[in-house]
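Observations on the model geometry
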Amino acid sequence: MVTLVFARHQVQLFLKSPGVMALFIVGPIFVIFVFGQAFTAIFAAGGQGFDAMQYFGVTLLTMAVFQGSFIASWAVFKERRSNTEVRLGVAPIGRLSATLGAFLGSWLSLAALGCAVMALASVLLSIDYGERLWLSALLICAEALLAASLGVSLAVIFGEERAANGVMNALVPALVFIGGGYTIIPESGFLHELARFSPLRWINLAMLDLAMPGPGEYIAAALTFSLAASAALMTLACLRLWRKR
Amino acid sequence: MIEIRNASKSFGPTMAVDNVSLTIRDGELFGLLGPNGAGKSTLIRMITGLLAQDGGSVSFFDGPAGTAGPLDAKAVKRMIGLVPQDLAFYQNYSAIENVKFFASLYGLRGKALTEAAEAALAFAGLSDTGKKPAKAFSGGMKRRLNIACGIAHDPRVVILDEPTVGIDPQSRNHILRSVEELRRRGRTIIYTTHYMEEAENLCTEIAIMDKGKIIAQGSQERLKLLIKDSSGVTFTLKRPDPVDLGAFKRIRGVTTAKLDELRLCVTSEVGATNLNELTAEVNRQGLIVTDIETDSPSLETVFLSLTGRSLRD
Ligand SMILES: Nc1ncnc2c1ncn2[C@@H]1O[C@H](COP(=O)(O)OP(=O)(O)OP(=O)(O)O)[C@@H](O)[C@H]1O
Ligand SMILES: [Mg+2]
């Protein structure tokens, strides 16, 4: 129950920051457009089977959602910033339920944002997310879950905003890059091997495959990777909170 | 009832709270008076369970101690309402959204929640703030919202940490009247301040804290008695004439005699009734006096006489 109160609280606070919301929606659309335009010739020469706009329409969308981990860490640290931590500390509630609520709330916000970007990109930039839109949306939701887990667990584990954000600042772009966010991953070689460790790689493959339209072969892998990583991260966070009591 | 026994807390070399023992009875308006850095907020954090003490204990009882065992942590949290020294609410939320959120942490839902929040806002004089976000409030309104957020769940024990710092007299009066109203409603109140006047006008029991220690404690009357034993007389002189302080010190009952430019201050033991001898000595030395003051003790003088410093430097 307390968890739900906090989830609602998180979504409500997020809705009250229209600037952040706009940034998270307009930013990706803009970047997709720029990358799509800039790489048109290269993609045409490369014979990828899809054009640059289509490729970045997927990979930069998943990048945007993954960057939502910063929103999730903010969800934890905002109580310290607004000094409301003391009020939560004296209230008859557990830190665990409060943190889980922040996690749930940021997941919902990120999933909604991701779907909003997807809808806008398909309308404004005519990007194709495949016939089975609900599957693409499901992948975005799974990714949002992972992003929320990453932000919340780092926040809980480090307990200090600058440390947590520092780690995310290194980790998020790296995973986006090796996941194929900014460039196509070659069929073989080092980057190809490395790419399998990025959850974004699997989500991107699955979504591109849905758009092709392909048989949907990566969907299971993408969902499994996201959910497993997210479960692992949240378990760590919960253990940490448990031990702190 | 709240019983604090030998509570201590240090931050590195600083003893923020040094072996403090206090008893706060139900329905009391307990003032914790002390200058900046005395350790008031640290003690409050220990009472509310936000900070673990290095040593000693803080226990809450349902009724007087001894009738039943101390309450468990959860029960204690339910009965406490904290108004922290630093503003603690969400700047983007309106007043009612803030109050409702914090009250909902105490299990209030639906209609009961709305009613409680509205009552708390009315109590704090913030009923007509509508959807305006808290960040657009004036300083005094923010202080009052800070209070509303701490009391909406109708706690039995209300702890206010310097709730009137840095605000206009109007909001300040409102807050002081609110605190009195809480007391009338039978709440137990712990009120920290470094304003003497507030403690004097408001509190039924007062503890004076300095450098982590409780240096005096009791009802106002008792505290003032503490220094009645050194009632003072101040003669304001017309000219900076030389004064034979030794002669004053030899007078029956006199404890100190000091000359501070034109002010000759003589303190005596309580009940010395030596004003006649003092004036006689003034005349004997040919001093010209323009004014005589005898201090009726205030908490300010209590603090001064106990620490040798004034409360606000
Ligand atoms: N977290 C902390 N780390 C280090 N020192 C601290 C900490 N909190 C308090 N102190 C120190 O403990 C002492 C008491 O501080 P405290 O905030 O309890 O005083 P206070 O009586 O509330 O003062 P004020 O009237 O300024 O609010 C001070 O010397 C302060 O510097
Ligand atoms: Mg303080």
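First, a word on scope: everything that follows refers to the structure included in this document. Predicted, not measured: the structure shown is a model, and the values here were computed from it.

Regarding the overall build of chain B
Regarding its fold elements, chain B presents 11 helices and 13 strands. For chain B, long-range pairs separated by at least 24 residues make up 67% of all intrachain contacts whose partners lie at least 6 apart in sequence. By element, 50% of the accessible surface of chain B is carried by carbon and sulfur atoms, the whole surface being about 14,200 Å². One way to put it: in chain B the 39 positive side-chain charges average out to a point 5 Å from where the 37 negative ones average out.

With respect to the interface of chain A and chain B
If you look at the interface, chain A gives 20 residues, while chain B gives 24 residues. For the chain A face of the interface with chain B, the top three residues by lost area are R87, V90 and P92 of chain A, together amounting to 36%. For the pair chain A and chain B, the number of links is 1 salt bridge. Between E97 of chain B and K16 of chain A there is a salt bridge, with its nearest N and O atoms 2.9 Å apart. Put simply, the parts of the chain that give the side of chain A that touches chain B at least two residues each are α1 (2-15) and α6 (85-90) of chain A.

Quick word on the site of ligand 1
Residues and elements named next belong to chain B. Surrounding ligand 1, one finds 15 residues, the nearest of these being G37, K40, S41, T42 and E162. Interatomic distance of 2.8 Å between a backbone N/O atom of K40 and an oxygen atom of ligand 1. At 2.8 Å from an oxygen atom of ligand 1 is found a side-chain nitrogen or oxygen belonging to Q85. For ligand 1, whose unbound accessible area comes to 630 Å², protein coverage reaches 63%. Here the shell around ligand 1 takes 4 residues from helix α1 (residues 40-47), the largest share from any one element. Its residues assigned to classes, the shell around ligand 1 comprises 4 nonpolar, 8 polar and 3 charged.

Things to note about the layout of surface pockets
The computed volume of the largest pocket comes to approximately 1,100 Å³. Lining the largest pocket are 42 residues; nearest its centre among them are L88, G89 and R95 of chain A together with L50 and K77 of chain B. Elements that contribute at least two residues to the lining of the largest pocket include exactly α5 (69-81), α6, α7 (95-124), α8 (133-158) and α12 (219-244) of chain A together with α1, β4 (55-60) and α2 (73-79) of chain B. Residue composition of the lining of the largest pocket, by class: 23 nonpolar, 8 polar and 11 charged.

A word on the coordination of the magnesium ion (ligand 2)
Ligation of the magnesium ion (ligand 2) by protein atoms is provided by S41 of chain B (OG) and Q85 of chain B (OE1), these donors lying 1.9 to 2.1 Å from the ion. Linking S41 of chain B in helix α1 with Q85 of chain B in the loop between β5 (80-83) and α3 (95-104), this pair joins segments that are 44 residues apart in sequence.

About the cut-offs
- Residues numbered from 1 in each chain as written.
- Chains lettered and ligands numbered in written order.
- Predicted model: local features only at pLDDT ≥ 70, side-chain atom pairs only at ≥ 80, totals over all residues.
- Heavy atoms only, no water.
- Helix = DSSP H or I, 4+ residues; strand = E, 2+ residues; numbered from the N terminus.
- Contact = heavy atoms within 4.5 Å.
- Areas by Shrake-Rupley, 256 points an atom, 1.4 Å probe, with all protein chains shown as cover.
- Lys, Arg positive; Asp, Glu negative; His and termini not counted.
- Charge placed at Lys NZ, Arg CZ, Asp CG, Glu CD.
- Buried area = accessible area lost by both parts, 1.4 Å probe.
- Salt bridge = Lys/Arg side-chain N within 4 Å of Asp/Glu carboxyl O.
- Near = heavy atom within 4 Å.
- Polar contact = N/O pair within 3.5 Å; in protein donor to acceptor, adjacent residues only side chain to side chain.
- Nonpolar A, V, L, I, M, F, W, Y, C, P; charged D, E, K, R; others polar.
- 1 Å grid on protein atoms, 1.4 Å probe; cavity = no way out; pocket = protein on both sides within 12 Å on 5 of 7 lines; lining within 4 Å.
- Points joined across faces, edges and corners; volume = space filled by probe spheres on them.
- Donors = N, O, S within 2.8 Å, 3.2 Å for Na, K, Ca; no water.

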